Amino acid sequence: MEKKAGGAYGTLWVVATPIGNLGDQTPRARDLLQRVPIIAAEDTRVTRRLVPRRCAEPRWFSINEHNEIKQLPALLDALCDGQDVALVSDAGTPLVSDPGYRLVVAAHEAGVRVSPLPGPCAAIAALSVAGLASDRFWFEGFLPARSSARRSRLAALKEVPVTLIFHVPARDLVDVLQDASAVMGAARHAAMARELTKLHETVIRKPLASLLALCRSQPEQSRGEVVLMIAGSDQRRSTIDADALADELAAELPPSRAAGILARLTGLSRKQAWAVIERCRQPESEGDTLTGSP
Ligand code: SAM
């Protein structure tokens, strides 16, 4: 990837990297990081671990929210001089709650080609396993750190009809769940995906109040990295009613009769209804919980 013939510009490659399991690095990303002359990384020490052995050391730039503007001229000069640049964040897809937006804008404005090397993204990975509506969604990223500002933002999102996706620092998880439950309603369906692709991967799908109770009683749920998803306002009624009905039936009737009624009223097959009733009858279980990673 030396200077292109005819004075052509280089390409700005936007490279996704693993969010935990290094096996998720794509062959294209590995290949590019082995050859590209310039790597613009959020933290060069983190990205170095992903770069395979190479003949010549790349030129490293560190870009973060504080210095991105300062680094632009040198990176644009290199791109306009025909050199390719790989933009990488610490984990996942650059620009998604990560640096790189200003560089991408500047590259477009300079007429430089910007091309993605797609791969891991925590929000999308979380949505894919949440069991909440995924046909449309709203990615919100991080909520404000202060509770009053966070509650205002949650109130503004309360009637959004599609699944909401949040990045949550694990240490704030209990506070965020408490605010979300207070503002959006304790019964609103939600899911949290923690430590995805890592040893302690956990995916839990429960109403907000139950998630809050679980995280309060199990401090380990507040460790690591978490994506919280909250059902959109239009999923509230039908989903909650079906679950509440199953709970009531399981508490009041023998399982076979409860499953029969649930199947009739919800359109589930008898086998599916039986599984739901069995789950309701095990109050100590964590509901739809999945742990571990291959
Ligand atoms: N750009 C990244 C991406 O595409 O995934 C997101 C970066 S953002 C600074 C970091 C947040 O992503 C964390 O606070 C957490 O919400 C989420 N995250 C990152 N890795 C994760 C993982 N392995 N499991 C769950 N959430 C994760």
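Everything that follows concerns the structure shown earlier in this document.
Residues numbered from 1 in each chain as written. Predicted model: local features only at pLDDT ≥ 70, side-chain atom pairs only at ≥ 80, totals over all residues. Heavy atoms only, no water.

Draft legend 1. Main features of the overall build of the protein. Looking only at helices and strands, one finds eleven helices and eleven strands in the protein. In the protein, of all internal contacts separated by at least 6 residues, the share reaching a separation of at least 24 is 69%. When the accessible area of the protein is evaluated, it comes to approximately 14900 Å², of which 53% is carbon and sulfur surface. For the protein, the separation between the mean place of its 36 positive charges and that of its 34 negative charges on side chains is 1 Å. (Helix = DSSP H or I, 4+ residues; strand = E, 2+ residues; numbered from the N terminus. Contact = heavy atoms within 4.5 Å. Areas by Shrake-Rupley, 256 points an atom, 1.4 Å probe, with all protein chains shown as cover. Lys, Arg positive; Asp, Glu negative; His and termini not counted. Charge placed at Lys NZ, Arg CZ, Asp CG, Glu CD.)

Draft legend 2. Representation of the site of the ligand in the model. Near the ligand lie 19 residues; those nearest to it are T93, V96, D98, A122 and V226. Within the backbone of V96, a nitrogen or oxygen atom sits 2.7 Å from a nitrogen atom of the ligand. Relative to its free-state accessible area of 570 Å², the ligand is covered by the protein chains to the extent of 92%. Broken down by secondary-structure element, the contributors of at least two residues to the shell around the ligand are strand 7 (163-169) and strand 10 (225-230). No other element matches the three residues that strand 10 contributes to the shell around the ligand. Looking at the shell around the ligand residue by residue, the class counts come to eleven nonpolar, four polar and four charged. (Near = heavy atom within 4 Å. Polar contact = N/O pair within 3.5 Å; in protein donor to acceptor, adjacent residues only side chain to side chain. Nonpolar A, V, L, I, M, F, W, Y, C, P; charged D, E, K, R; others polar.)

Draft legend 3. Broad picture of the packing of helix 7 (residues 173-184) against helix 8 (residues 208-217). Running from N to C, helix 7 and helix 8 point in directions that differ by 155°, and their axes come no closer than 9 Å. Judged on the interaxial angle alone, helix 8 and helix 7 are roughly antiparallel. The chirality of how helix 7 crosses helix 8 is left-handed. Here L173, V174, L177, Q178, A180, S181 and M184 of helix 7 come into contact with helix 8, specifically with L208, A209, L211, L212, C215 and R216. Counted by class, the contact of helix 7 with helix 8 contains ten nonpolar, two polar and one charged residues. (Axes fitted to C-alpha atoms, helices over the stretch in contact; angles between N-to-C directions. Parallel < 35°, antiparallel > 145°, perpendicular 65-115°, else oblique. Left-handed = near helix turned anticlockwise from the far one by under 90°.)

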